[in-house]
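Below are the chains, spelled out letter by letter.
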Amino acid sequence: MAKKKNGNNDGLDIINITQWAIPTAILFIYVLVTLYSFSSDMKKDALYSLRQKISDYNDSLILSFNSKMEISQAVATATSQVVSRDLAAGKDVKEIMKEVVEPTVDDAIAIGAELVDASGKGVSSDGREVSYADTETLEKCLKENTIVYSAPYEQGGAWYVNLVVPVKGASGKAEYALSYQFITDVFSEIPTTSKFDGRTCYALVGSDGTVLSVAGRNILTKGENIFDSDNVVIPTSTVNRTKNNFSNRNAGYTDCTVGGEGRVMVYDPATYSGINVISFMTASYIENEAHSTYGNMENIMVRIVVAMVAFFIAILAIHLANKAVNTKHNQSLQEKAETDLLTGLLNKISTEQKVTDYLAEAGKKGQSAILFLIDIDNFKKVNDTMGHAFGDELLAGLGLGLSTLFRATDIVGRIGGDEFLVLMRNINPDEETKKREADKLLTFFRDFKVGEYVQYRCTASIGGAVFSQDGKDFEELYKAADNAMYESKRHGKNRVAYYGEVLEGPVTELGRH
């Protein structure tokens with residue numbers, strides 16, 4: 001089915017290319033016939049074309065910025081749902097920030113995160129108690145129950161933007177806000193040598209005209225306002241129009257002087273936080289480029305013919321290259337979003353989603369499955385006595401071992417600090433199979449060891465539950481396996497217990513986790 005879909009997409013790509021290729025070819029022929037009739041409008045067209053080229057480059061920077069923010073928004077939204085569930089379950093806020101939010105900061109392309117209540121009091125991703133200063137953004141997020149981007153703000157010489165996501169509390173209403181912090185500089189990918197000329201200045205500017213970031217020729221200063229600066233002078237005839245365009249998020253251009261030098265300011269709005277990307281081109285460069293484009297009529301006709309052929313080849317090459325790059329990029333993002341970086345297994349969110357999806361499908365087909373919850377015994381003691389680095393090495397080794405222990409079709413993920421989940425798909429859950437799989441797990445932990453100088457062996461308390469005998473969906477099945485795992489711990493740990501199974505031996509009463 002996937003191949004058929006790709007074939008259809010390729011057919012649509014050919015149709016789309018033909019739709020613009022034929023009109024473009026006609027347009028080129030028309031230009032060749034009517035070229036000599038152009039007069040005074042040629043220079044105007046050249047200037048417009050060049051400004052559009054600059055605007056397109058601005059758009060490429062904006063696209064990079066927007067793509068990053070969209071990734072961040074997706075990660076923040078998914079994380080807020082997990083945080084909401086953990087808050088409803090009564091988990092400690094600092095524990096939530098450490099186990100759930102902190103691991104997502106890098107995935108969200110952020111530099112930090114905070115979870116605050118309606119009063120602005122809360123905890124940061126590194127465990128610090130914080131007080132949220134932007135009360136207006138916080139109030140809007142909670143009142144309207146929607147994602148809000150803050151206006152850019154200065155801190156320590158750099159400019160930042162916050163992405164604020166509502167988090168539901170026990171009442172089911174938005175009682176908390178999860179805020180991710182980002183540096184607004186999007187110019188890290190600009191080459192040292194400009195694609196236009198070496199004197200171009202690129203700036204990231206707020207809707208009020210405040211310069212947030214500068215790249216290229218250093219003719220502006222962070223924090224200065226282009227509408228209220230002796231350094232930047234915009235003609236009176238265009239300054240109000242430019243301000244209105246900034247406020248209304250419209251693209252445009254205007255002549256200006258910067259440091260006494262004539263320049264053309266081409267600006268385009270980004271999607272988030274009222275930010276504009278501006279290219280300050282020298283007026284002399286604009287004039288020279290326009291003249292070189294339309295200065296010689298005979299050369300231009302030859303260039304158009306050559307350009308027509310190059311255009312088709314370039315567009316086709318770009319289309320194919322972009323398609324390959326985008327496919328690879330999307331696959332990489334998908335894998336990164338689903339993977340636990342320490343163990344290489346599925347992370348909590350993707351594990352729960354895949355199990356939920358499979359159980360829904362298995363229920364329709366009448367298939368069975370076995371779910372195991374694996375909790376490492378005395379893992380806190382390992383961290384306390386041997387160090388967190390050794391604990392991480394232990395978890396990584398377990399992740400590798402568990403991934404090879406089960407079938408490629410089974411779902412194996414890490415859903416907590418020292419807790420793993422395994423769903424054996426489409427398996428006959430008779431007593432012989434249940435015993436075989438339990439013995440396989442116990443043998444794995446009996447033989448497992450980690451450490452180069454000090455070898456450590458660990459045990460696990462394991463609970464098992466059968467779908468759909470012990471649960472009709474993920475939540476019911478998880479609770480059944482969790483109860484079984486609890487019974488395993490009560491009867492001395494280092495064993496496998498299935499839901500409903502009566503265990504023998506002494507019992508140790510434990511507090512529920």
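For clarity, every value in this text was computed on a predicted model and none was experimentally measured.

About the cut-offs
- Residues numbered from 1 in each chain as written.
- Predicted model: local features only at pLDDT ≥ 70, side-chain atom pairs only at ≥ 80, totals over all residues.
- Heavy atoms only, no water.
- Helix = DSSP H or I, 4+ residues; strand = E, 2+ residues; numbered from the N terminus.
- Buried < 20%, exposed > 50% of the residue type's maximum accessible area, 1.4 Å probe, protein only.
- Contact = heavy atoms within 4.5 Å.
- Areas by Shrake-Rupley, 256 points an atom, 1.4 Å probe, with all protein chains shown as cover.
- Polar contact = N/O pair within 3.5 Å; in protein donor to acceptor, adjacent residues only side chain to side chain.
- Pairing = 2+ DSSP bridges.
- Salt bridge = Lys/Arg side-chain N within 4 Å of Asp/Glu carboxyl O.
- Axes fitted to C-alpha atoms, helices over the stretch in contact; angles between N-to-C directions.
- Left-handed = near helix turned anticlockwise from the far one by under 90°.
- Nonpolar A, V, L, I, M, F, W, Y, C, P; charged D, E, K, R; others polar.
- Core = buried A, V, L, I, M, F, W, Y, C linked by side-chain atoms within 4.5 Å.
- Expected span 1.5 Å × (residues − 1).

**Q** How do you make sense of the overall build of the protein when you look at a structure like this?
**A** Within the protein one finds 12 helices and 18 strands. Residues classed as buried in the protein amount to 43% of the 513 residues present. Across the protein, contacts joining residues at least 24 apart in sequence account for 55% of those joining residues at least 6 apart. Taken as a whole, the protein presents about 27400 Å² of accessible surface, with 53% of it coming from carbon and sulfur.

**Q** Which parts of the structure should I look at to understand the side chain of D340?
**A** As for its position among the elements, D340 is in the loop between α7 (297–338) and α8 (348–365). D340 gets classed as buried once you look at its relative accessible area, which sits at 14%. A distance of 3.3 Å separates a polar atom in the side chain of D340 from a polar atom in the side chain of R414. Dropping the residues within four chain positions of it, D340 is found in contact with L345, L346, N347 and R414.

**Q** Would you take a moment to explain the pairing of strand β11 (residues 252–258) for this structure?
**A** Along any regular strand, the residues point their side chains to alternate faces of the sheet. Only one face of β11 is covered, namely the face carrying G252, T254, C256 and V258; the face carrying Y253, D255 and T257 is uncovered. Two elements, β11 and strand β12 (residues 261–269), share seven bridges in a ladder whose sense is antiparallel. By the bridge assignment, T254 is partnered in β12 with M265. The turn linking β11 back onto β12 is made up of two residues, and G259 within it adopts a positive phi angle of 60 degrees.

**Q** I keep staring at the pattern of salt bridges and nothing clicks. Help me out?
**A** Side chains that differ in charge, positive against negative, can pair when their charged atoms come close. Evaluation of the coordinates by the stated rule reveals 19 salt bridges. One salt bridge in this structure joins D375 and K489, with 2.8 Å as the shortest N-O distance. Here the residue D375 occupies a position in strand β14 (residues 369–376), and K489 occupies one in helix α12 (residues 474–490), the gap between them amounting to 114 residues. Note on accessibility: D375 and K489 belong to one class, buried. Between R490 and E487 there is a salt bridge; the shortest N-O distance is 2.9 Å. Taken together, the residues span about one helical turn, with R490 and E487 both in helix α12 at a distance of three residues.

**Q** For this particular structure, what's the right way to read the packing of helix α10 (residues 388–405) against helix α11 (residues 431–447)?
**A** At a minimum axis distance of 12 Å, the contact between α10 and α11 shows a crossing angle of 145 degrees. Between α10 and α11 the crossing geometry is right-handed. Across the interface between the two elements, L398, G401, L402 and L405 from α10 touch K440, L441, F444 and F445 from α11. Its residues assigned to classes, the contact of α10 with α11 shows six nonpolar, one polar and one charged.

**Q** Help me understand the nonpolar core in this model?
**A** Counting residues in each nonpolar core, the largest one holds 47 residues, and the members touching the most others are I54, V83, V101, Y180, F196, I275 and I286. In terms of residue count, helix α2 (residues 41–88) provides more of this core than any other element does, 14 residues in total. Among all residues touching V83, those that are not within four sequence positions of it are I96, V100, V101, L115 and V167. Listed in part, the 31 residues of the second largest apolar core include I370, I374, F406 and F445.

**Q** Is there a simple way to think about the sheet that holds strand β16 (residues 419–425) in this case?
**A** Note on sheets: strands pair through backbone hydrogen bonds, and any given pair is parallel or antiparallel. Strands sit in the order β15-β16-β14-β17-β18 across an open sheet of five strands; the sheet is mixed. Strands with a single pairing partner mark the edges of an open sheet, and in this sheet they are β15 (411–414) and β18 (495–498). The mean angle between the axes of side-by-side strands here comes to 15 degrees, regardless of whether they run parallel or antiparallel. In this structure, β14 lies alongside β16, joined through seven bridges in antiparallel fashion. Looking across to β16, one finds that D375 is bridged to E419. Taken strand by strand, α12 contacts β14, β16, β17 (460–467) and β18, and its axis lies near 145 degrees from that of β17.

**Q** Would you explain the environment of S488 in this entry?
**A** Mapped onto the fold, S488 is located in helix α12. Counting along the chain gives 25 residues from S488 to G463, while the straight-line C-alpha distance between them is 6.8 Å. Sequence-distant contacts of S488, defined by excluding residues within four places in its chain, comprise S461, I462, K493, R495, V496, A497 and L503.

**Q** Could you clarify how one ought to interpret α12 in this entry?
**A** Every α-helical turn comprises 3.6 residues, leaving residues that sit three or four positions apart pointing alike. The terminal C-alpha atoms of α12, which comprises 17 residues, lie 24 Å apart, in line with the 24 Å expected from a rise of 1.5 Å per residue. Among the residues of α12, those classed as buried are F474, L477, A480, A481, D482, A484, M485, Y486, S488, K489 and R490. Check the buried side of α12 and you find it contacts α8, β14, β16, β17 and β18. Its side-chain oxygen at 3.3 Å from the backbone nitrogen of E475, D473 defines the N-terminal cap of α12. Backbone geometry just downstream of α12 places G492 in the positive-phi region, at approximately 105 degrees.

**Q** How do you make sense of the pairing of β12 when you look at a structure like this?
**A** In this sheet, strand β13 (residues 276–282) lies alongside β12 in antiparallel orientation, the contact comprising seven bridges. Looking at the pairing, P269 lines up with N276 of β13.

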